[in-house]
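Summary of the model geometry
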Amino acid sequence: MVKELTILGSTGSIGRQALDVADMHGIRITALTSNSRIDILENQVRQFSPEAVAVADEKKAKELKIKIADTGVKVLSGSGGVTECASMKTQCVLNSIVGIAGLGGTVAALEAGNGLALANKESLVAGGSHVTRIAREKGISILPVDSEHSAVFQSLAGCKDKKQIKKLILTASGGPFFGKTKKELENVTLEQALSHPNWAMGAKITVDSATMMNKGLEIIEAAWLFGIKSDKIDVVVHRQSVLHSAVQFVDNSVIGQLGVADMRIPIQYALTYPDRAESPVRELDLTEYMTLTFEKPDYDAFPCISYCKQAFERGGLAPAFINGANEKANELFRSGKIKFTDIPKAVENALTVCPVKNDCSLSDVYEADSLARQTTEKLFGL
Ligand code: NAD
Ligand code: MG
């Protein structure tokens, strides 16, 4: 188990659960970061006494500095402050920032030679070739925190040759709108989109789960993490979220990981790997479930899954571009400026207009992201 940990995005849903796990096991905290929410961050500083904290919002950073002046904890600010925290020497950096904003922290943690437990899937979606190259060069294995990827990772324990993998089976809860037709999705509200049946998560990923863009992003995430082609990654809708994902091997044996829907299991596994330890999560009692169901996704009502697959197959900047378009559209939907069904339209549009460029640098990735956001605003006349 890691003895020291930095958490990027510690005020968020994953960040707070990670601190729960750290608290239970007495893991020392090197640094914590957030975008704003300094009330929560202040409490975390007082409870965990990190060496440094960073607040991306400069004004909020100044406020925090005054609030915690008595603690002597170093307060950094801006996105530079966040990456500085990621670079501080520690055993593991858990990146639970939401969106492309997490890419800088992922790169900084790896370049500094720190271990990386990754919840921020957007880092891999947008910057997969860079992130995996740096990890390879530094000899660091990225440990997945996303529940599906943790399940695949756990199912692969003991598999010495990737050739023995036939396919990955990613499970999806289907979100709050499973079973609805394209037409019925036209009039769904933000409130409905935010009420996920099985998981309590941040707003952006909850909306991504409702459009099933989340599952598309996870296909790309899995392809990079496990070095598997996207046509060997299947999606199965499993409403109960008990089987968190599985691997089918060449002998058609399927190995999966089951548990209650609680992110503290995959978070903790990334910190204890290759060992296991007691966790704050309750036992799974299979008899509580009368049935476990498995269905094909409705690709017509939820086309984002296919758009993501196509973007990954196209390669280059396409995944960064559709990720940027989705982030913007997701944000516009949450602020009431566009309809739910406009989100897949934005992603489809991004796939159509995406610039073709293969050998791209990290700054090209950021440029593609900002161009995709502008393109999305234009699409809706904003
Ligand atoms: P959240 O919105 O609850 O928290 C996001 C965190 O990122 C907050 O601490 C926030 O302050 C910080 N942040 C936001 N914008 C930032 C910026 N510009 N610069 C620096 N920090 C910034 O999100 P979450 O649900 O915890 O999700 C975090 C990541 O984990 C996402 O990539 C998500 O896809 C992934 N993930 C989440 C869950 C879950 O159960 N919540 C499950 C699997 C994967
Ligand atoms: Mg997931």
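Everything discussed here concerns the structure shown above.
The structure reproduced in this document is the subject of the present report. Quantities reported herein were computed from a predicted structural model and do not represent experimental measurements.

Section: the coordination of the magnesium ion (ligand 2)
Donor atoms from the polypeptide that coordinate the magnesium ion (ligand 2) comprise Asp146 (OD), Glu148 (OE) and Glu218 (OE), at 2.1 to 2.2 Å from the metal. For the magnesium ion (ligand 2), the donor residues sit on a single chain with the sequence spacing D-x1-E-x69-E. With glutamate 148 in helix 7 (residues 147–155) and glutamate 218 in helix 11 (residues 213–226), the pair connects residues that are 70 residues apart, well separated along the chain. Each member of the pair, glutamate 148 as well as glutamate 218, is classed as buried.

Here we look at the packing of aromatic side chains
The final tally for this structure, using the stated rule, is six aromatic pairs. Between the aromatic rings of phenylalanine 153 and tyrosine 269, the centroid separation amounts to 6.3 Å while the plane-to-plane angle is 65 degrees, which identifies the pairing as edge-to-face. Taken as a pair, phenylalanine 153 in helix 7 and tyrosine 269 in helix 12 (residues 264–272) lie far apart in primary sequence, 116 residues in all. You'll find phenylalanine 153 and tyrosine 269 in the same group, each marked buried.

As for the site of ligand 1
In the vicinity of ligand 1 there are 22 residues, among which Thr11, Ser13, Asn35, Glu122 and Gly202 approach most closely. One of the side-chain nitrogen or oxygen atoms of threonine 11 is found 2.7 Å away from an oxygen atom of ligand 1. A distance of 2.8 Å is found between an oxygen atom of ligand 1 and a backbone nitrogen or oxygen belonging to glycine 202. When ligand 1 sits alone it has 820 Å² of accessible area, and the protein chains cover 86% of it. Those elements that provide at least two residues to the shell around ligand 1 are helix 1 (13–25) and helix 6 (121–138).

Rules and cut-offs
Residues numbered from 1 in each chain as written. Chains lettered and ligands numbered in written order. Predicted model: local features only at pLDDT ≥ 70, side-chain atom pairs only at ≥ 80, totals over all residues. Heavy atoms only, no water. Donors = N, O, S within 2.8 Å, 3.2 Å for Na, K, Ca; no water. Helix = DSSP H or I, 4+ residues; strand = E, 2+ residues; numbered from the N terminus. Buried < 20%, exposed > 50% of the residue type's maximum accessible area, 1.4 Å probe, protein only. Phe/Tyr/Trp six-rings, centres within 6.5 Å; stacked < 30°, edge-to-face > 60°. Near = heavy atom within 4 Å. Polar contact = N/O pair within 3.5 Å; in protein donor to acceptor, adjacent residues only side chain to side chain. Areas by Shrake-Rupley, 256 points an atom, 1.4 Å probe, with all protein chains shown as cover.

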